[in-house]
Amino acid sequence: MIDAVVPNGSFLIGYALAGPLVGVTAALVVASVLVLIRVLRSERLRLIAMSFCGVLLQAALVLGTGEGRNFFLSWLVINAALLIVFAGSLVRGRPITVRIARRAGLPEAPDVHQRLTGYWLGLWALHLAVGVPLYLANQVVALGIAHFVLGLPALFALAVLSWRLLTRPAEPSPARHYREEVR
């Protein structure tokens, strides 16, 4: 979680104070410190490398174009890809959350997964509905704030909702409930 928030926050502060180059420098310095801390704590190298490579990609996009808004371009592209994948799974009638739940050993209730996939699809659409206009308007700080608010807090809230929907006991059907009352 820290790897996702702190470099982005550092970029925003540096960008707001002195522009894209200072923002990128701040993000890379903070990401490097996080890598060093994680390596010294013997954490998994794969996760460390993925986090750092994400910041490197964001930095390269800004340095390659000189535009601070491109620090968040990968966020928009990832959300567009997720939107397509989740929408495609609903169109095919095979909600992608079924596969995710299967890997986690959670129930595969089709009606619940239709709704869950729709909820996640809505989140990806919301990311784009908020992020794309801010990106096009070159509102870098607002884009960074939207990235944060719609990022971890929203993902966590929807993950909790998903977990609760998948782990709650199944409610009896109305016909079964009626049969039990008649007895």
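Residues numbered from 1 in each chain as written. Predicted model: local features only at pLDDT ≥ 70, side-chain atom pairs only at ≥ 80, totals over all residues. Heavy atoms only, no water.

### Quick notes on the packing of helix α1 (residues 2-18) against helix α2 (residues 20-40)
(1) Moving on: In contact at an axis separation of 7 Å, α1 and α2 are set at 155 degrees when each is read in the N-to-C sense. Comparing their axes, α2 and α1 come out roughly antiparallel. Here the hand of the crossing between α1 and α2 comes out right-handed. Residue-level inspection shows Ile-2, Asp-3, Val-6, Pro-7, Ser-10, Phe-11, Gly-14, Tyr-15 and Ala-18 of α1 in contact with α2, the latter providing Pro-20, Val-22, Gly-23, Val-24, Ala-26, Ala-27, Val-30, Ala-31, Leu-34 and Arg-38.
(2) Moving on: Grouping the constituent residues of the contact of α1 with α2 by class yields 14 nonpolar, three polar and two charged. (Axes fitted to C-alpha atoms, helices over the stretch in contact; angles between N-to-C directions. Helix = DSSP H or I, 4+ residues; strand = E, 2+ residues; numbered from the N terminus. Parallel < 35°, antiparallel > 145°, perpendicular 65-115°, else oblique. Left-handed = near helix turned anticlockwise from the far one by under 90°. Contact = heavy atoms within 4.5 Å. Nonpolar A, V, L, I, M, F, W, Y, C, P; charged D, E, K, R; others polar.)

### Regarding the environment of Val-55
(1) Moving on: By secondary structure assignment, the location of Val-55 is in helix α3 (residues 45-65).
(2) Moving on: Assessed through its relative accessible area of 4%, Val-55 is described here as buried.
(3) Moving on: Between the C-alpha atoms of Val-55 and Gly-131, which are 76 residues apart in sequence, the distance is 19 Å.
(4) Moving on: Contact partners of Val-55, with chain neighbours within four places excluded, come to Pro-7, Ala-27, Leu-28 and Ala-31. (Buried < 20%, exposed > 50% of the residue type's maximum accessible area, 1.4 Å probe, protein only.)

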